[in-house]
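Residue-level listing of the chains:
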Amino acid sequence: MIVGAGIIGAACADALAAEGLAVTVVEREAIGSGATAAGMGHLVVMDDNPAELALTSYSLALWRQLAGADPAAHEYSGCGTLWIAADDEEMAAARTKQTILRAHGIPCEMLDAAALYAHERQLRPGLRGGLRVSGDAIVYPPKSAALLLARAQRRGAQVREGQVQAITSHGVLLADGSELHADRVLVANGSASVQLLPELPIWPKKGHIVITDRYPGLIRHQLVELGYIKSAHAASGDSVAFNLQPRPTGQLLIGSSRQFDAADKAVEPAILGRMLAHAASFVPALAGLNALRCWTGMRAASSDGLPLLGPHPSRPNVWLATGHEGLGITTSLASAQLLAAQMAGRPAQIPVTPYLPARFRQLGMQHA
Ligand SMILES: Cc1cc2nc3c(=O)[nH]c(=O)nc-3n(C[C@H](O)[C@H](O)[C@H](O)COP(=O)(O)OP(=O)(O)OC[C@H]3O[C@@H](n4cnc5c(N)ncnc54)[C@H](O)[C@@H]3O)c2cc1C
């Protein structure tokens, strides 16, 4: 039994059904409607630590196989990422990143200022250069979630509408009072996972996104400022960072903001304005474009920045696939493979230890 049909629940359903396991997915809203619908769908290799690099690069390879085989269905584009360095410090960070990525066989090239502007003419003058990571890509996440779940259903998985209210010793209790029996319950409901398991070290991190009208060819890569790394991993406070994505439709997705302790999903004009002004400081033409819609979503941030993938250490038959923060679209496919390998009792393609829930000692205590 899987709780939640976001990209993580859908990817796990697909991988577990492929393993031959009987799978039922319980979803309270539409498929892929949580953070999965709110996210940018940037598939990006991140290297803040070796475990993050291992999971993102493994998952990127799986995405290239899956979505690369049917790009139109996933709205997949291999646009690559262009990491922008505004000053010498960020240029040094770009070089460090290049060294790490190259050591892991990930193609990337340093760009001086001239090369940067040759790739992206709309960037403001005066930037120092950047790093181009050509294997990164984008998808449309709710569509990919629906496709993964549809494949899981063809492999025998069931999908059921309902709100899981509690996990019981035999399965789950739904809000309508019915009980569903299951040998194992996989909690994959993103930032709502703490509602079922309050002991989880997971907090919501709110983000805003804006989508524009169609401006084909205005930019060609997913553009991210290297300063993003500093703000994205702050443990408190509100921050904005420049993150711009060319959709295959010609529309642009403008991000992003990060807020802790934001209780509701309402769009907040103050931080949205900050985010847009910051984006326009990198691409001045943005100020003259038509914005069609803006929205927010909640990232499920774990206290060490890595997802929780594996058995709950003190709740028998409860498994976890949550805490993917701002990388859950990227890491969904690898996360599902790590879960499937653990459930099947065989080694995974990469070591699972860094992602095991048991790394959090508080989860080892008995819970009521
Ligand atoms: C603004 C923003 C930008 C992002 N950009 C990117 C990006 O560019 N690249 C990237 O890799 N990641 C990105 N992310 C992160 C990514 O979107 C998430 O990590 C990912 O979508 C998490 O998927 P999930 O399936 O765990 O959670 P969700 O998508 O939230 O899915 C959980 C599902 O569980 C259901 N549910 C919840 N509680 C219950 C219950 N009790 N019973 C039944 N069903 C329940 C919900 O309805 C929902 O459908 C971004 C996130 C945000 C917010």
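Provided above is the structure to which this section pertains.
Calculation rules
- Every chain is numbered independently, its residues counted from 1 as its sequence is written.
- Given that this is a predicted model, residues contribute local features only at a pLDDT of at least 70 and side-chain atom pairs are listed and counted only at 80 or more, while totals for whole chains, interfaces and linings are drawn from all residues.
- Pairs of strands are assigned from DSSP output, requiring at least two bridges between the strands.
- A helix here means a DSSP run of H or I that spans at least four residues, while a strand means a run of E at least two residues long, and both kinds are numbered starting from the N terminus.
- Every angle, taken between N-to-C directions, lies between 0 and 180 degrees, and every axis is a line fitted to C-alpha atoms, over only the stretch in contact when it is a helix.
- C-beta atoms are first placed from the backbone for all residues, and any pair lying within 7 Å is then listed as a contact.
- The span you would expect from a helix comes to 1.5 Å times its residue count less one.
- To obtain the bend at a residue, axes are fitted to the seven residues ending there and to the seven starting there, and the angle between these axes is taken.
- Three classes are used. A residue is buried when 20 or more other C-beta atoms lie within 10 Å of its own, exposed when 12 or fewer do, and partly exposed in between, with C-beta atoms placed from the backbone.
- Put plainly, near means the residue's C-beta atom, positioned from the backbone, lies within 6 Å of the molecule or strand in question.
- Put simply, Ala, Val, Leu, Ile, Met, Phe, Trp, Tyr, Cys and Pro go in the nonpolar bin, Asp, Glu, Lys and Arg in the charged bin, and everything else, Gly too, in the polar bin.
- As annotated, the domain borders come from an automatic or database domain assignment.
- An angle below 35 degrees is treated as roughly parallel, one above 145 as roughly antiparallel, one from 65 to 115 as roughly perpendicular, and anything else as oblique.
- In this scheme the crossing of two helices becomes right-handed for a clockwise turn of the near helix relative to the far one and left-handed for an anticlockwise turn of less than a right angle.
- A set of buried residues qualifies as a nonpolar core if it consists of Ala, Val, Leu, Ile, Met, Phe, Trp, Tyr and Cys joined through C-beta atoms within 7 Å.

**Structural notes on the sheet that holds strand β4 (residues 81–85)**
So, point 1. The eight strands lie next to each other as β5-β6-β4-β14-β15-β16-β13-β17, forming an open sheet whose pairing is mixed. Here the strands that pair on one side only, and so sit at the sheet edges, are β5 (108–112) and β17 (291–302). The mean angle between the axes of side-by-side strands here comes to 20°, regardless of whether they run parallel or antiparallel.
So, point 2. Pairing of β5 with strand β6 (residues 129–133), which is carried by five bridges, proceeds in the antiparallel orientation. Bridged to Glu-109 within β6 is Arg-132.
So, point 3. Contacting β4, β5 and β6, helix α5 (residues 88–103) crosses the sheet at an angle of about 20° to β6.
So, point 4. Along the sheet, helix α10 (residues 269–282) makes contact with β4, β13 (202–214), β14 (222–225), β15 (239–246), β16 (251–260) and β17, crossing β15 at roughly 60°.

**Focus on helix α11 (residues 328–344)**
So, point 1. With 17 residues, α11 should cover 24 Å at 1.5 Å per step; its first-to-last C-alpha distance of 23 Å lies within 8% of that length.
So, point 2. When the local axis directions of α11 are compared, the greatest deviation, roughly 30°, occurs at Ala-334.
So, point 3. Counting buried residues in α11 gives 13 out of 17 residues, a clear majority hidden from the surface.

**Considering the site of the ligand**
So, point 1. As a structural note, the neighbourhood of the ligand is formed by 41 residues, with Gly-6, Gly-34, Gly-39, Gly-190 and Gly-328 the closest of them.
So, point 2. Classifying every residue of the shell around the ligand gives 15 nonpolar, 21 polar and five charged.
So, point 3. Inspection of the shell around the ligand shows a minimum of three residues originating in each of domain 1 (2–58 + 140–201 + 304–364) and domain 2 (79–136 + 203–302).

**Some words on the sheet that holds strand β19 (residues 318–322)**
So, point 1. With respect to topology, six strands assemble into an open sheet ordered β8-β2-β1-β12-β19-β18, the strand pairing being mixed. The open sheet terminates on both sides in strands that have one partner only, identified here as β8 (158–161) and β18 (308–311).
So, point 2. Strand direction decides the pairing type here: strand β2 (residues 24–27) and β8, joined by four bridges, are parallel. For Val-25, the partnering residue across the bridge sits in β8 and is Val-159.
So, point 3. Sitting on the sheet, α11 touches β18 and β19, and the angle it makes with β18 is about 15°.

**Quick look at the packing of helix α3 (residues 50–66) against α11**
So, point 1. Packing of α3 against α11 brings their axes to within 7 Å, and their N-to-C directions diverge by 85°. Between α3 and α11, the crossing angle belongs to the class labelled roughly perpendicular. Only Thr-330, Thr-331, Ser-332, Leu-333 and Ala-334 of α11 make contact with α3, whose side of the interface consists of Leu-55, Thr-56, Tyr-58, Ser-59, Leu-60, Leu-62, Trp-63 and Leu-66.
So, point 2. Of the residues assigned to the contact of α3 with α11, the class counts are eight nonpolar, five polar and no charged.

**What about unusual backbone geometry?**
So, point 1. For the peptide bond that leads from Gly-255 to Ser-256, omega is -10°, which places it in the cis range.
So, point 2. With respect to the element layout, Ser-256 can be found in strand β16.
So, point 3. A positive phi angle, near 45°, is found at Glu-325, a position not held by glycine.
So, point 4. By secondary structure assignment, the location of Glu-325 is in the loop between β19 and α11.
So, point 5. Look at Glu-325 and you get buried, because 22 C-beta atoms sit within 10 Å.

**Quick look at the environment of Ala-340**
So, point 1. By the secondary structure assignment, Ala-340 is in helix α11.
So, point 2. Along the chain, Ala-340 and Asp-14 lie 326 residues apart, while their C-alpha atoms are 9.6 Å from each other.
So, point 3. Residue contacts for Ala-340: discarding those within four places in its chain leaves Ala-15, Leu-16 and Glu-19.

**What about the environment of Ala-85?**
So, point 1. Residue placement: Ala-85 occurs in strand β4.
So, point 2. The buried category is assigned to Ala-85, around which 26 C-beta atoms lie within 10 Å.
So, point 3. Sequence-wise, Ala-85 and Arg-128 are 43 residues apart; in three dimensions their C-alpha atoms are separated by 5.6 Å.

**Observations concerning the packing of helix α1 (residues 7–18) against α11**
So, point 1. Contact pair α1 / α11: the axes reach a minimum separation of 8 Å and the direction vectors enclose 40°. Here α1 runs over α11; the crossing is right-handed. Here Ile-7, Ile-8, Ala-11, Cys-12, Asp-14, Ala-15 and Leu-16 of α1 lie close against α11, whose contacting residues are Gly-328, Ile-329, Ser-332, Leu-333, Ser-335, Ala-336, Gln-337, Leu-339, Ala-340 and Met-343.
So, point 2. The residue inventory of the contact of α1 with α11, partitioned by class, reads twelve nonpolar, four polar and one charged.

**Regarding the nonpolar core**
So, point 1. Among the nonpolar cores identified, the biggest contains 100 residues, and Ala-10, Cys-12, Ala-13, Ile-84 and Leu-186 are the most heavily contacted of them.
So, point 2. At nine residues, α1 tops the list of elements feeding residues into this core.
So, point 3. Those residues within four positions of Ala-13 in sequence are excluded, and the remaining contacts are Ile-2, Val-23, Val-25, Leu-149, Ala-152 and Ala-157.

**A closer look at the pairing of β16**
So, point 1. The buried fraction of β16 is high, at eight of ten residues.
So, point 2. Relative to β16, β13 runs antiparallel, the two being bridged by five bridges. The residue bridging Lys-205 from the neighbouring strand is Phe-260, located in β16.
So, point 3. Pairing of β15 with β16, which is carried by six bridges, proceeds in the antiparallel orientation. Among the inter-strand pairings, Asn-243 is bridged to a residue of β16, identified as Gly-255.
So, point 4. Linking β15 to β16, which pair antiparallel, is a turn of four residues; within it Gly-250 sits at a positive phi near 95°.

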